[in-house]
Amino acid sequence: MPTEQQLVLKNHLNEFREFTLMFVRFLATLDMDPHGYFEKQYVSRIERSFSEAEIREVLVELLQWVESNEISDKHRTALGKKLEKFGMAELI
């Protein structure tokens, strides 16, 4: 039977996974991925993750992508507006 600490850690991991999945789905709403490949790829990686470090690696990759030249100014502006709408800080 799992200890209380193990249950807390598992709950923390699940919450972190859910937050990261929500962030991926949020980014997918920017209309950059009409076929859903972006969302499917990252959701799959997160769901297959067994540790906080693996999930954190995906999250860091997403944040680096948002700051990269691969995302257009138009999409970056749209992301900023969506974050502002939800009362969240800008990422960039």
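Residues numbered from 1 in each chain as written. Predicted model: local features only at pLDDT ≥ 70, side-chain atom pairs only at ≥ 80, totals over all residues. Heavy atoms only, no water.

(A) Representation of the nonpolar core. Within the largest apolar cluster, 22 residues are counted, with the highest numbers of intra-cluster contacts made by Val24, Leu27, Phe38, Tyr42, Leu62, Trp65 and Leu79. Broken down by secondary-structure element, the contributors of at least two residues to this core are helix 1 (4-28), helix 2 (37-47), helix 3 (52-67) and helix 4 (73-85). The biggest single contributor to this core is helix 1, with eight residues. (Core = buried A, V, L, I, M, F, W, Y, C linked by side-chain atoms within 4.5 Å. Buried < 20%, exposed > 50% of the residue type's maximum accessible area, 1.4 Å probe, protein only. Helix = DSSP H or I, 4+ residues; strand = E, 2+ residues; numbered from the N terminus.)

(B) Here's a closer look at the packing of aromatic side chains. One pass over the structure, following the stated rule, counts two aromatic pairs. When the centroid spacing of 5.1 Å and the interplanar angle of 50° are considered together, the rings of Phe38 and Tyr42 count as tilted. Of the two residues, Phe38 and Tyr42 both sit in helix 2, four residues apart, roughly one turn of that helix. Take Phe38 and Tyr42: they sit in the same class, and that class is buried. Ring centres of Phe38 and Trp65 lie 5.1 Å apart, and the angle between their planes is 35°; on these two criteria the pair is classed as tilted. Taken together, the residues Phe38 in helix 2 and Trp65 in helix 3 connect sequence positions 27 residues apart. (Phe/Tyr/Trp six-rings, centres within 6.5 Å; stacked < 30°, edge-to-face > 60°.)

(C) Just the packing of helix 1 against helix 3, in detail. At a minimum axis distance of 10 Å, the contact between helix 1 and helix 3 shows a crossing angle of 25°. Comparing the axis directions of helix 1 and helix 3 gives the class roughly parallel. Crossing of helix 1 over helix 3 shows left-handed handedness. Judged by residue contacts, His12, Leu13, Phe16, Arg17, Phe19, Thr20, Phe23, Val24 and Leu27 of helix 1 engage Glu52, Ile55, Arg56, Leu59, Leu62, Leu63, Trp65 and Val66 from helix 3. (Axes fitted to C-alpha atoms, helices over the stretch in contact; angles between N-to-C directions. Parallel < 35°, antiparallel > 145°, perpendicular 65-115°, else oblique. Left-handed = near helix turned anticlockwise from the far one by under 90°. Contact = heavy atoms within 4.5 Å.)

(D) Highlighting helix 2. Those residues of helix 2 that sit buried are Phe38, Tyr42, Val43, Arg45 and Ile46. Each buried residue of helix 2 sits inside an arc of 160° when the element is viewed along its axis, so together they form one side. Turned more than 90 degrees away from the buried face of helix 2, the exposed residues are Tyr37 and Lys40. The inward-facing, buried residues of helix 2 contact helix 1 and helix 3. (Arc of directions from axis to C-beta.)

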